[in-house]
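# Structural description and commentary
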Amino acid sequence: MRSDAATPEAYLDELDEDRRKVVAAVRDLVNEHIDSGFEEAMDFGMITWAVPLARYPETYNKRPLSYVALAAQKSYYSLYLMGAYEDSEQEAWIRQEFDRAGLRCDMGKCCLRFRELEDLPAGLVQQVAAWWTPADVIRNYERVKGLEP
């Protein structure tokens, strides 16, 4: 499901009450633990937390460097974790935390899918949101793009 909402609040307003509760709860967890240097906004039709263009404007697609994104899909929710895509240690830790919680990890390269809030360990969201800083995202972007000094 793609949204044309201009703000995270407008995005939440588009959702039915049950779906809004789940997305709002995950959003609150991210906002409580993510580095204050990330900016929450809407991009690609979902709530995103990214390095603001004011801090790092020279991206390949002229969009902010995303770190975390959250969306309500048709039959599940998606938490996009770019750190897990870029960092095999973070991905392994996420899978281990699901095992530890006795939950099934439904994860692609960076997309963590869940159907109910109870399917997503809250501590995991807190840890992953706080894992990287904007400087870490920029450093990794420059490494991947071969822009390191």
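In what follows, the accompanying structure is described. Keep in mind the model is a prediction, meaning the values are calculated, not measured.

### Overview of the overall build of the protein
Summing up its helical and strand segments, the protein has 6 helices and 6 strands in all. In terms of overall size, the protein behaves like a compact globule, its C-alpha atoms giving a radius of gyration of 15 Å where 149 residues would be expected to give roughly 15 Å. Projected onto its principal axes, the C-alpha positions of the protein cover 45 × 35 × 25 Å. Expressed as a percentage of the 149 residues in the protein, the buried residues total 43%. Counted over contacts in the protein with a minimum sequence separation of 6, partners at least 24 positions apart contribute 54%.

### Let's talk about the packing of helix H4 (residues 88-101) against helix H5 (residues 122-131)
Relative orientation of the contacting elements H4 and H5 amounts to 170°, with a least axis distance of 11 Å. Relative to H5, H4 is oriented roughly antiparallel. Judged by residue contacts, Glu 89, Gln 90, Trp 93, Ile 94, Glu 97 and Phe 98 of H4 engage Leu 124, Gln 127, Val 128 and Trp 131 from H5. When the residues that make up the contact of H4 with H5 are grouped by side-chain class, the tally is 6 nonpolar, 2 polar and 2 charged.

### Description of the side chain of Thr 48
With respect to the helices and strands, the residue Thr 48 is situated in strand S2 (residues 46-51). Thr 48 gets classed as buried once you look at its relative accessible area, which sits at 4%. When residues no more than four places from it in sequence are discounted, the contact partners of Thr 48 are Glu 39, Glu 40, Ala 41, Met 42, Asp 43, Ser 66, Val 68 and Ala 69.

### Focus: the nonpolar core
Formed by 43 residues in total, the largest nonpolar core has its most connected members in Tyr 11, Val 23, Leu 79 and Ile 94. Per element, the largest residue contribution to this core is 7 residues, and it comes from strand S3 (residues 65-72). Once you skip the residues sitting within four places of it in the chain, Val 23 turns out to touch Tyr 11, Leu 12, Leu 15, Ile 47, Leu 70, Ala 72 and Tyr 77.

What counts and what doesn't
Residues numbered from 1 in each chain as written. Predicted model: local features only at pLDDT ≥ 70, side-chain atom pairs only at ≥ 80, totals over all residues. Heavy atoms only, no water. Helix = DSSP H or I, 4+ residues; strand = E, 2+ residues; numbered from the N terminus. Rg over C-alpha atoms; globule rule 2.2 N^0.38 Å. Buried < 20%, exposed > 50% of the residue type's maximum accessible area, 1.4 Å probe, protein only. Contact = heavy atoms within 4.5 Å. Axes fitted to C-alpha atoms, helices over the stretch in contact; angles between N-to-C directions. Parallel < 35°, antiparallel > 145°, perpendicular 65-115°, else oblique. Nonpolar A, V, L, I, M, F, W, Y, C, P; charged D, E, K, R; others polar. Core = buried A, V, L, I, M, F, W, Y, C linked by side-chain atoms within 4.5 Å.

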